[in-house]
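Reading the structure
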Amino acid sequence: MERYNYGMIGLGVMGRNLLYNIADNGFSIAGFDLDEEKVKELEGGATANMTVKGTASLEDFVSALETPRKIILMVPAGKPVDAVLGNITPLLSKGDIVIDAGNSYFKDTDRRIADLASKDLHFMGMGVSGGEKGARRGPSIMPGGDLEAFNLLQPMLESISAKVDNEACTAYMGKGSAGNYVKMVHNGIEYAIMQLISEAYDLLKRGANLNNDQLYEVFKEWNNGEMNSFLIEITRDIFKQKDSLTEGYLVDQILDKAGAKGTGKWTSEQAMEIGVSIPTIDIAVTSRILSAYKEERIKASQLYSEKQITNPENTELFIKEVGDALFLASLISYAQGLALLVKASEEYQFEIPLKDVVKIWRGGCIIRSVLLEKFYVAYSKDSNLSNILLDQDISVIVKEKISSLRKTAAFAASNGISSLGIQTALGYFDAYTTESLPVNLIQAQRDYFGAHTYQRIDREGVFHTSWESTNN
Ligand code: 6PG
């Protein structure tokens, strides 16, 4: 009986496409899904060069695989992963490897690693980014955890992943649940950049009256230069999409309530938990929440309807400034996410190689951009860089764009165009680059009302003052 190199559980859009990608690269693979229709369709969708098998039961699936079995799960995060593990682990043998390729919460992965280890099984958390197309043609893959298992998978992961300059967009992301953690932060950055792009769109649309054809041209130009990235590219194309149900463009018919599956929220929660400041990611998460208050926003817009927009005098210049502001605010969002990875790596002993993280994000994933090449250079010079803003070459870019970020933030504020992402990116930059923040006053207040003590700038130690008795 023929034994298959790999197994895939979960034949939804992502699972099926990843399976075909693996098969296309010369590895035989069996698939299983609870939905019998998906199993039936699997072999029909394969091309002649692929060795693919759909299996009707978990028992058939497990016995079709060579040992040690290498089983990839592509099922929704949370309970479905535990349900699959509950059903499959009794069928497995010592040394088999289960790889969770969904957007699982990293603490769930830690729990599952321990649980499967107690059964002599390997469990790995592996982030996969790139959506449907990426899964099929080359995603960015973020595996972590068990090194023994990783070494067995590495050749396959390298052949199916995206390539940049002939280098595979996959690498070992660190110990334990590092793979899921890196993917979670990837998504946090994704939220921030999407928020920033939506603000740039609003500024150009309402601030400078650009229509969809003009927006297409602006994003096309941006994508041809230093802002070249997946998200700018798809935004460009969105402005071209006509609506099939009405006369106009589809984007204008889409309800302004954003969905979210949770990875952005986890990033913010994590940053709070381990004490890292990532305000642009936080604001992107909360902006999606605020967008859902549609009915209240309608009432409030009628109550406070006095907003008047004064268009910029020089539209060309305005477009350039908004572009520079978007570029810099995106850079600052990457900086926040990467700083979170640095701290998490210490906190959880992940040993995340930051240089490899930015290297494998250069291709295949949703936040891929040419800017990551510059981060890769920065981490190649100094792998211990605590914040990308501290790199000399990056500082040159920042200094070049900062006045555009200020002008854009000021334009948005004075015209009542909400730009939470742009404002927080600027505010973060200003706070991060200020030697003396006014929090000496906060420390004084805390000591005043709660005897919380403070430190001094001129001598060591911890101090408390009886403020009221001094003042009376
Ligand atoms: C990716 C995406 C992918 C998914 C997001 C969407 O890297 O391929 O990030 O994982 O599209 O999780 O997240 P929201 O539904 O929360 O926007």
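Brief notes about the packing of aromatic side chains
For any pair of aromatic rings, geometry is given as the distance between the ring centres together with the angle between the planes. Under the definition given, this model contains 20 aromatic pairs. Centre to centre, the rings of Tyr448 and Trp467 are 6.1 Å apart; their planes meet at 25 degrees, and the pair counts as stacked. Of this pair, Tyr448 sits in helix H19 (residues 439–450) while Trp467 sits in helix H20 (residues 467–471), placing them 19 residues apart in sequence. Site record: aromatic cluster; members linked through ring pairs are Tyr105, Phe106, Tyr181, Trp266, Tyr348 and Phe350. Of note, Lys240 hangs over the ring of Tyr216, and the distance from its end group to the ring centre comes to 4.1 Å. Geometry around Tyr376 places Arg362 over its ring, the cationic atom sitting 4.9 Å from the centre.

Overview of unusual backbone geometry
In this chain, Thr67 is followed by Pro68 through a cis amide linkage whose omega measures -5 degrees. Assignment of secondary structure puts Pro68 in the loop between helix H3 (58–63) and strand E4 (70–73). Even without a glycine there, the phi angle at Asp120 is positive, about 60 degrees. Its place among the elements puts Asp120 in the loop between helix H5 (106–117) and strand E6 (122–129). For Thr453, which is not glycine, the phi torsion reads 70 degrees and is therefore positive. Counting through the fold element by element, Thr453 comes out in the loop between H19 and H20. Looking at Thr453, the relative accessible area reads 27%, which means it is partly exposed.

About the thresholds
- Residues numbered from 1 in each chain as written.
- Predicted model: local features only at pLDDT ≥ 70, side-chain atom pairs only at ≥ 80, totals over all residues.
- Heavy atoms only, no water.
- Phe/Tyr/Trp six-rings, centres within 6.5 Å; stacked < 30°, edge-to-face > 60°.
- Helix = DSSP H or I, 4+ residues; strand = E, 2+ residues; numbered from the N terminus.
- Lys NZ or Arg CZ within 6 Å of the ring centre and 35° of its normal.
- Buried < 20%, exposed > 50% of the residue type's maximum accessible area, 1.4 Å probe, protein only.

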